[in-house]
Amino acid sequence: MQTDYIYPRYEVERRESRCTNCGLCVRECSYGVHYRASDGKTLLNDDAKCVNCQRCVATCPTHAIKIVKSNCDFRENYNWSGDAIKEIMKQAGSGGVLLSSMGNPQPFPVYWDKLLLNASQVTNPPIDPLREPMETRVFLGKKPSEISRDEHGRLICDLPPRLTLELPILFSAMSYGSISYNAHAALAAAATKLGTCYNTGEGGLHENFYGYGANTIVQVASGRFGVHKDYLEAGAAIEIKMGQGAKPGIGGHLPGSKIVGDVSRTRMIPEGSDAISPAPHHDIYSIEDLRQLVFSLKEATEYKKPVIVKIAAVHNIAAIASGIARSGADVIAIDGFRGGTGAAPTRIRDNVGIPVELALAAVDTRLRDEGIRNDVSLVVGGSIRNSTDVVKAIALGADACYIATAALIALGCHMCRNCQSGKCNWGIATQNPDLVRRLDPEEGARRLVNLLTAWKHEIMEIMGGMGINSIEALRGNRLMLRGIGLTEKELSVLGVAHAGE
Amino acid sequence: MLLKEGQVRIPSGCAVSAVISREGELMSGEKIVASMVPMHERSNGLGGGFAGYGIYPDMADFYAFHMFFTDKESKKACEYFLKEGFEIVKAEPIPVRKIPSITDEPLIFRYFLSPLRSRIADAQVDEREFVARAAMYINVRISGAYVVSGGKNMGVFKAVGFPEDVGEFYRLDEYGAYCWTAHGRYPTNTPGWWGGAHPFSLLDYTVVHNGEISSYDANRRYIEAYGYKCTLQTDTEVFTYIADYLLRRKRLTLEETASVIAAPFWTTIESRPLEERERLTYLRNIFSGLLVTGPFSIILGFDGGLMALNDRLKLRSMVVAEKDDKVFIASEEAAIRVLEPDAVNVRAPEGGEPVIVRVKEGKY
Amino acid sequence: MIILNARATDNAALNERVRAAKEDCEIVGCIGERFIGAGLSDKTINIKGIPGNALGAYLNGAKIFVDGNAQDAVGDTMNEGEIIVRGNAGDAPGYAMRGGKIYIKGNAGYRAGIHMKEYRGKSPVIIIGGRCGSFLGEYQAGGLIVVLGLNKDGKRIVGNFPCAGMHGGKVLLRGNADGVVFPDKVTARAATSDDVDYAKPHIQEFCRIFGLDEREVLSSPFTLVTPDSANPYKRMYVEN
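Residues numbered from 1 in each chain as written. Chains lettered and ligands numbered in written order. Predicted model: local features only at pLDDT ≥ 70, side-chain atom pairs only at ≥ 80, totals over all residues. Heavy atoms only, no water.

Break down the environment of Ala6(C) for me, citing the residues and quoting the values.
All names here are of chain C. Position of Ala-6 among the secondary structure elements: in the loop between strand E1 (2–5) and helix H1 (11–20). Overall, the relative accessible area of 0% leaves Ala-6 in the buried class. Residue contacts for Ala-6: discarding those within four places in its chain leaves Leu-14, Ile-27, Val-28, Gly-29, Cys-30 and Glu-33. (Helix = DSSP H or I, 4+ residues; strand = E, 2+ residues; numbered from the N terminus. Buried < 20%, exposed > 50% of the residue type's maximum accessible area, 1.4 Å probe, protein only. Contact = heavy atoms within 4.5 Å.)

Put into structure tokens, the structure is as follows:
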């Protein structure tokens with residue numbers, strides 16, 4: 001039946017005048033778009049396989065290739081978009097649940113872009129960030145306000161376990177398995193160089209990376225893959241993953257085909273066996289159970305490591321965060337609905353959860369109202385795209401930001417959003433050794449360091465303009481923000497005034 | 001309509017001056033008022049004020065509440081509230097001298113109060129906390145009533161006007177204090193509200209401040225999580241609450257408090273000896289939300305002493321000098337020379353270096 | 001020399017009398033009067049008392065002697081002339097100064113010589129006899145700053161973050177600059193005799209004016225600070 005035929009989304013255009021027929025495009029494309037005709041010479045392409053990852057475009061030595069969006073559209077209308085029609089056809093043909101990757105692409109408001117920053121004029125001097133000291137160091141962990149003294153009246157300076165970061169940005173969880181060995185190697189090396197942390201995700205920690213432990217957050221998720229005493233000890237902090245912004249309430253599933261070799265060893269499950277992460281932790285059905293997990297991890301690591309609890313931004317986020325703050329956690333990580341993923345059901349990704357900006361504002365306000373804001377640090381993620389997103393997040397009340405998609409782009413990702421295929425031409429979301437080899441870990445680390453060094457300079461420049469010379473004076477400083485084009489309700493949730501007020 | 005202080009945040013620049021006698025000798029207010037004259041350029045006539053310590057020796061056992069009321073109704077409501085928790089030992093208008101440059105004054109009263117033991121016990125707090133809560137309750141909840149100051153044997157005198165006129169208005173030449181602090185204000189936009197002038201006060205803490213801080217909202221939101229309500233949206237108010245929180249409630253020393261508010265840079269901390277490094281790291285971590293950035297020079301007055309402090313980049317000027325048992329502090333040396341032409345040991349403290357002066361024990 | 005009493009005059013009136021004077025002036029009883037000698041190109045002004053902020057701002061050739069201490073912003077954006085202070089100076093003396101000299105016998109506050117620069121034949125000089133606060137010579141783009149560290153209070157010759165953003169000129173510190181941390185974009189090294197010779201005429205003049213023993217002052221080693229590049233931040237940006 002031909003009813004399900006969908007015209008390819010992208011078309012490959014090869015300019016014959018430039019093409020030298022070298023065939024590199026054939027070798028570079030893991031999706032099999034480019035191939036030689038039966039004459040063994042003529043280059044042809046199967047547009048239907050193209051995901052627009054731009055690998056051939058970037059590597060063609062004569063720049064002979066471009067990918068264009070096809071203009072063969074359905075007869076769309078506002079209600080029945082091309083995607084809406086196409087998705088019905090896919091499901092009618094397969095009976096399957098729609099699966100996508102990366103974050104929520106729907107046109108919901110991006111509040112970062114509706115917040116404007118302040119700068120000093122006259123009454124208060126801007127500070128030159130290049131020449132005057134400008135501090136971006138942050139500490140994640142509890143800040144108990146009860147002080148104690150010894151018999152001589154000296155302060156007893158025993159700080160609770162904490163993470164020290166030279167800038168308020170961390171790489172968020174991406175498991176070995178969902179991304180490649182070389183991607184992890186680049187993240188680990190970059191985090192070390194930058195004085196921040198990367199996050200193992202739920203796939204365990206490859207033995208080669210134990211040396212980066214001081215800059216590693218080890219994750220404990222519902223599947224408990226690779227979790228054992230040495231793993232918990234290896235990291236600088238432990239993250240309990242309760243949820244993920246891209247798929248709140250949904251577990252994970254790495255197919256057995258990807259559980260090979262080192263991935264199998266690192267996850268501590270047999271080769272070829274599916275790696276299924278249940279939707280909940282089956283030892284946590286209520287908030288008091290979370291406390292139990294937090295303290296079992298603390299006990300296992302002798303109370304030396306801060307424990308992070310990561311949750312997806314959902315409707316009742318403020319109350320949930322309040323509960324977590326009282327559960328013994330040291331840090332709460334909130335993942336907004338634009339957060340990326342290797343694979344998530346499309347309907348969930350596009351409809352469940354709330355923007356992280358609103359979640360952050362609500363949580364920060366609630367924790368302050370309850371007088372427990374200093375019992376936890378707040379880290380937010382879910383599509384932090386640039387340095388101003390970071391500054392705005394901190395001014396709303398975050399201690400630091402998680403980035404992942406931005407880090408992947410720095411590593412070469414072109415956002416084709418086909419991570420679930422395992423065929424990533426850029427060597428990131430794949431375990432195919434030939435593809436993985438394409439990502440040079442050293443070059444990758446250098447690019448990550450470049451990216452965050454540039455962001456750090458920008459953050460310093462923005463802070464300096466505000467007359468602020470240390471990041472803690474920006475944290476929760478909502479007077480530095482004004483909304484633009486927002487409703488009274490949005491402003492009230494964000495706790496900021498409108499521009500001009 | 002222009003919004004008044006508290007409804008909107010009004011940035012403000014200023015001049016400060018102070019004198020203290022280590023021997024507890026009482027000084028008339030005349031000199032401190034005169035010291036503000038050479039710094040006239042630093043004020044714009046929209047606020048001036050003074051705090052005097054040791055001014056009510058005969059009533060030293062009672063909390064002296066200096067009050068502004070907009071009308072008789074607010075006065076009545078406030079007195080009703082006070083009577084529930086305190087014995088009003090004495091109530092009287094604060095004597096003023098009518099002068100053409102000071103107009104639109106509110107009703108200005110003072111009350112000498114003794115908190116009722118039974119009510120303190122009911123509230124399950126100590127006496128000072130009880131009094132502090134009462135003052136904050138009045139400022140937040142009783143419309144038209146404003147507590148100007150509420151410590152023992154001290155008081156704040158402030159108004160809209162140039163400081164030298166404010167001093168004359170309040171007849172400060174008739175008071176004797178072992179410590180005076182003074183402030184001339186340069187707000188950028190205000191219809192002029194008497195409560196917005198400095199010093200700001202809670203219990204015996206008073207703060208005069210020059211500069212505008214950039215960390216304001218971070219500090220305000222931190223301190224409001226611990227039961228304070230910043231009704232005026234001024235830097236001075238937030239400084240006063242930070243001082244109260246750290247000194248009275250957390251029992252930090254003055255030096256430790258300075259290391260929180262004007263914490264040294266990490267590079268400086270790392271260059272210090274181990275024990276000091278640990279202490280500074282600890283304080284900067286635990287109270288990170290109370291780091292104040294942006295230009296400030298403040299003088300914090302309290303029973304028996306004062307502390308002057310500059311921001312860590314020293315973006316405001318402050319000069320200190322001495323003569324015999326007296327210590328002088330001002331935004332400009334010229335002000336000190338008015339207080340004491342022969343002052344010696346003139347120096348400018350480093351950014352973040354607190355200058356702490358105490359009156360000898362038993363002399364106040 | 002005419003005598004002007006600063007008492008009972010405001011800033012503008014006092015300056016008007018200075019400008020109108022046909023000869024050198026002595027101002028007595030100064031107590032915080034600002035902008036004395038602003039933009040002045042002729043005359044010598046002797047000051048008794050405490051001149052206010054921005055003494056000699058935009059000074060254009062006149063000479064100012066202060067018998068005691070000066071306050072903040074001495075010689076702000078000065079173009080030519082001399083300011084001699086027998087006591088201490090406050091913060092930011094010589095801000096953006098382009099020519100002339102400022103000699104301070106005592107200490108200076110924060111940000112001394114900030115953004116001092118030179119242009120064509122002009123090359124400004126600041127000498128501080130005592131110590132100075134943090135951010136000495138911040139953004140310095142030209143000219144010479146000498147700090148002699150003759151203070152007796154045991155405090156270090158300069159505070160924190162000296163020469164931050166320096167991209168021209170020279171800083172000469174008497175002694176070995178022990179414990180002073182410089183930023184990574186400048187070079188601090190022991191001064192050679194040539195380095196010291198460059199500053200010597202100014203130091204000798206300084207010693208003559210304030211009655212200091214020139215040989216003793218010059219007998220010490222000096223530390224020279226120079227910037228590594230006139231464009232230290234070029235590599236920080238990318239076209240967008």
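Still more ground to cover, so stick around.
Provide a residue-level description of the nonpolar core, including the pertinent values.
In this structure, Leu170(A), Phe171(A), Ile334(A) and Ile428(A) are the most contacted members of the largest nonpolar core, which totals 135 residues. With 126 residues, the next largest nonpolar core counts Ile147(A), Ile120(B), Ile242(B) and Leu309(B) among its residues. (Core = buried A, V, L, I, M, F, W, Y, C linked by side-chain atoms within 4.5 Å.)

I'd love a proper account of the interface of chain B and chain A, names of residues and values included.
A common way to express how large an interface is: the accessible area buried when the components associate. In this assembly, 42 residues from chain B lie in contact with 41 residues from chain A. Summed over both sides, the interface between chain B and chain A buries roughly 3,500 Å², with carbon and sulfur atoms accounting for 54% of that surface. Among the residues of chain B in contact with chain A, Arg221(B), Tyr282(B) and Asn285(B) are the three that bury the most area, contributing 21% of the side total. Summed over the shared surface of chain B and chain A, the result is seven salt bridges. Across the pair Glu472(A) and Arg284(B) runs a salt bridge, and its minimum N-O distance is 2.9 Å. For the pair chain B and chain A, the number of links is 22 residue pairs in polar contact (both at pLDDT 80 or more). Breaking the side of chain B that touches chain A down by element, the ones donating at least two residues are helix H6 (216–224), helix H9 (266–270) and helix H10 (274–286) of chain B. (Buried area = accessible area lost by both parts, 1.4 Å probe. Salt bridge = Lys/Arg side-chain N within 4 Å of Asp/Glu carboxyl O. Polar contact = N/O pair within 3.5 Å; in protein donor to acceptor, adjacent residues only side chain to side chain.)

Describe the interface of chain C and chain B, with residues and values.
Between chain C and chain B, the contact holds 18 residues from the first and 19 residues from the second. Buried area between chain C and chain B, both sides added, is near 1,500 Å², and the carbon and sulfur share of it is 44%. Looking only at chain C, the three residues that lose the most surface to chain B are Ile31(C), Arg34(C) and Tyr110(C), adding up to 31% of its buried area. For the pair chain C and chain B, the number of links is two salt bridges.

How would you explain the sheet that holds strand E8 (residues 141–147) of chain C if you had to name every residue and give the values?
Paired through backbone hydrogen bonds, the strands of a sheet run either parallel or antiparallel to each other. All names here are of chain C. The mixed open sheet is built from eleven strands, whose spatial order is E1-E2-E3-E4-E5-E6-E7-E8-E9-E11-E10. Each having just a single partner strand, E1 and strand E10 (186–190) make up the two edges of the open sheet. With direction set aside, neighbouring strand axes in the sheet form an average angle of 15 degrees. Inspection of the sheet shows strand E7 (residues 125–128) paired to E8 by four bridges, in the parallel sense. Counterpart to Ile-128 in the pairing with E8 is Val-147. (Pairing = 2+ DSSP bridges. Axes fitted to C-alpha atoms, helices over the stretch in contact; angles between N-to-C directions.)

Purely geometric numbers; function is a separate question.
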